[in-house]
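# Summary of structural features
The lines below spell out each chain.
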Amino acid sequence: MFSYRHAFHAGNHADVLKHFVLIQLLEYLNQKDAAYTYIDTHSGAGVYALDDKFAAKTAEYDTGIGKLWDRKDLPPALKEYVDLIKSMNPSGKMRYYPGSPFCADKVARDQDRLRLFEMHPADVRLLADNFGKLQAHAAEQGIRPPQRGKRVMIERSDGFAALKPLLPPPSRRALVLIDPPYEDKNDYRYVKDALELALGRFPQGVYAVWYPLLQRMESRQFADKLKRLPAKEWLNVTLTTRTPGPDGVGLHSSGMFVLNPPYTLEATLRETMPYLVQVLGTDAGATFVIEKGTQVTGAAGARIMPDGTVRTPRNNPIGKGSLRVPGQAPDSAPAPRARGADTVAGRPGRAPARPAEAGSGRPGGAPARSQRPRPAAAAGAAKEGTPAPRAGRARK
């Protein structure tokens, strides 16, 4: 049950995407003086030593933060992320990598609250110890939190179940990060069900979900199911660093799905993702996709045909949503941009391309935005069943 240890994967390309986006979400919340609550459902150990037996065994950080460490041409938003990691390594040597809780602690303000949950018995002890050391170090420097009460609360419990009593928060502002191991295929269902409950209690919250892109059916269908959740808006970004192998082994792609994203996030991703593909990509299969839209209620939408044309099925609703565009092959010349689409896909050396015709990405996907009038028809989608309660899983 507790076989997963994130220390093996600390600082890899998936962590780069996850923590880069997380920092952007937190920085946006910081623009208002009102306090917010950060909830981390699968917190992990908080900090990982890259030279210990777990991280050194796989050295996955070489696929992520290792490639960014000495770069001098980082886009501004990505530089914020790298600078945060370097702040935990004052010697200049890359030794420690912070997980999501420590990234949040670094960015959040004194008035904000962190609620951290972890089920792995070893990791939850490490998480508490790491935050204890951080507070002790601050006390030695004469730093005292100006606010009364516990700013950081750590609990060994199921993060999925912990959401209900915490929402809505007193300040009516919250960011929830959901990041389970996905070793159990039921985790995909647990995430969706937890989000449905959370949106019902606190629809204006910001919810960020990290997920792997794997060969298994649950992974392939996951984002499309999240697009059907009753959120005002959603944004989905994926990063692929290499061509998937025929055996499907290894993590080549991952995504961040954000419900109620800040309006600034899309522009930041459009600027940063091509750079990440260029630096972290290892072959011609490296690419990224950015999608955005509103809740999908139809059963299907427009499909991209092999010749590049878009075929719209009859008797299906067309509204706002996304259009998934296949990534372009690497090329030294920039690709022309077209108007009217809500998806960007790209690879090194190519400008993000937008299709000129609107529609939805794929069966069960989100319909795309367009400035042109479009026909509408009625179509429904079956409602998913409610799962049985489950024990929590550890992940970060």
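Let me begin by describing the structure that accompanies this report. (Residues numbered from 1 in each chain as written. Predicted model: local features only at pLDDT ≥ 70, side-chain atom pairs only at ≥ 80, totals over all residues. Heavy atoms only, no water.)

## Remarks on the overall build of the chain
The helix and strand inventory of the chain stands at ten helices and 13 strands. Within the chain, contacts between residues at least 6 apart in sequence are counted, and of these 78% link residues at least 24 apart. Accessible surface for the chain amounts to roughly 17,900 Å². Of this, 52% is attributable to carbon and sulfur atoms. (Helix = DSSP H or I, 4+ residues; strand = E, 2+ residues; numbered from the N terminus. Contact = heavy atoms within 4.5 Å. Areas by Shrake-Rupley, 256 points an atom, 1.4 Å probe, with all protein chains shown as cover.)

## A closer look at the packing of helix α1 (residues 13–29) against helix α5 (residues 100–107)
For the pair α1 and α5, interaxial distance at closest approach is 10 Å and the crossing angle is 30°. As far as their axial angle goes, α5 and α1 are roughly parallel. In this structure, α1 meets α5 at a crossing whose hand is right-handed. In this structure, α1 uses Lys18, His19, Leu22, Ile23, Leu26 and Glu27 to contact α5, whose residues at the interface are Ser100, Cys103, Ala104 and Val107. A per-class count over the contact of α1 with α5 returns six nonpolar, two polar and two charged. (Axes fitted to C-alpha atoms, helices over the stretch in contact; angles between N-to-C directions. Parallel < 35°, antiparallel > 145°, perpendicular 65-115°, else oblique. Left-handed = near helix turned anticlockwise from the far one by under 90°. Nonpolar A, V, L, I, M, F, W, Y, C, P; charged D, E, K, R; others polar.)

## Points about the environment of Ala108
Assignment of secondary structure puts Ala108 in the loop between α5 and β4 (113–117). The sequence separation of Ala108 and Ala35 amounts to 73 residues, and the corresponding C-alpha distance is 9.3 Å. Setting aside residues no more than four positions away along its own chain, Ala108 makes contact with Asn30, Tyr36, Leu114 and Arg151.

## Quick word on helix α9 (residues 217–226)
Listed in full, the buried residues belonging to α9 are Ser219, Phe222, Ala223, Asp224 and Leu226. Packed against the buried residues of α9 are α8 (186–201), β7 (206–212), β8 (234–240) and β9 (253–259). (Buried < 20%, exposed > 50% of the residue type's maximum accessible area, 1.4 Å probe, protein only.)

## Considering the packing of helix α7 (residues 159–166) against α8
With their axes 10 Å apart at the nearest point, α7 and α8 run at an angle of 0° to one another. The angle between α7 and α8 falls in the class roughly parallel. Residue-level inspection shows Phe160, Leu163 and Lys164 of α7 in contact with α8, the latter providing Asp187, Tyr190, Val191, Ala194, Leu197, Ala198 and Arg201. A class-by-class count of the residues in the contact of α7 with α8 yields seven nonpolar, no polar and three charged.

## Digging into unusual backbone geometry
Pro168 follows Leu167 through a cis peptide bond whose omega is -5°. Assignment of secondary structure puts Pro168 in the loop between α7 and β6 (174–178). The phi angle at Tyr182 is positive, at roughly 65°, despite the residue not being glycine. Mapped onto the fold, Tyr182 is located in the loop between β6 and α8.

## A closer look at the pattern of salt bridges
Taken as a whole and assessed by the stated rule, the structure comprises 13 salt bridges. For the salt bridge of Lys18 with Asp15, the shortest nitrogen-to-oxygen distance reads 3.3 Å. Note that Lys18 and Asp15 are positioned in helix α1 at a spacing of three residues, about one turn of the helix. On the basis of relative accessibility, which here comes to 2%, the residue Asp15 falls in the buried class. A salt bridge links Lys227 to Asp224, with the shortest nitrogen-to-oxygen separation between them at 3.2 Å. Per residue, the accessibility class of Lys227 equals that of Asp224, and both read buried. Within the structure, one salt-bridge network assembled from shared partners comprises Asp15, Lys18 and Asp179. (Salt bridge = Lys/Arg side-chain N within 4 Å of Asp/Glu carboxyl O.)

## Digging into the packing of aromatic side chains
Counted by the stated rule, this structure contains nine aromatic pairs. Both rings, one in Tyr28 and one in Tyr263, keep their centres 6.1 Å apart while their planes meet at 85°; by these two values the pair is edge-to-face. Here Tyr28 is found in helix α1, whereas its partner Tyr263 is found in the loop between β9 and α10 (265–280), with 235 residues between them in sequence. Each member of the aromatic cluster is reached from another via a ring pair, and the members are Tyr182, Tyr188, Trp210, Tyr211 and Phe222. Over the face of the ring belonging to Trp210 we find Lys18, whose NZ or CZ atom lies 5.5 Å from the ring centre. The ring of Trp69 has Lys86 lying over it, and the distance from NZ or CZ to the ring centre is 5.4 Å. (Phe/Tyr/Trp six-rings, centres within 6.5 Å; stacked < 30°, edge-to-face > 60°. Lys NZ or Arg CZ within 6 Å of the ring centre and 35° of its normal.)

## Considering the environment of Asn30
Mapped onto the elements of the fold, Asn30 is located in the loop between α1 and β1 (37–40). Since its relative accessible area comes to 17%, Asn30 is described here as buried. Each C-alpha atom, one on Asn30 and one on Asp112, is 9.3 Å from the other, the two residues being 82 residues apart in sequence. Contact partners of Asn30, with chain neighbours within four places excluded, come to Tyr36, Val107, Ala108, Arg109 and Asp112. Within the local environment of Asn30, its side chain forms a polar contact with the backbone oxygen of Val107, the two atoms lying 3.0 Å apart. (Polar contact = N/O pair within 3.5 Å; in protein donor to acceptor, adjacent residues only side chain to side chain.)

## Here's the deal with the nonpolar core
Residues Leu68 and Tyr81 are the most contacted members of the largest nonpolar core, which totals 90 residues. Top contributing element to this core by residue count: α1, with ten residues. (Core = buried A, V, L, I, M, F, W, Y, C linked by side-chain atoms within 4.5 Å.)

## Some thoughts on the pairing of β7
Across the seven residues of β7, seven count as buried, placing the element largely inside the fold. Side chains Val206, Ala208, Trp210 and Pro212 of β7 all project onto a buried face; the interleaved residues Tyr207, Val209 and Tyr211 project onto the opposite face, where all are buried too. Note that β6 and β7 share four bridges and pair parallel. Within β7, the position partnered with Ile178 by the bridge is Val209. Handedness of the crossover joining β6 and β7 through α8: right-handed. As judged from the six bridges shared by β7 and β9, these two strands associate in the antiparallel manner. Across the sheet, the residue bridging to Tyr207 is Leu259, located in β9. (Pairing = 2+ DSSP bridges. Right-handed = clockwise from strand over helix to strand, strands pointing away.)

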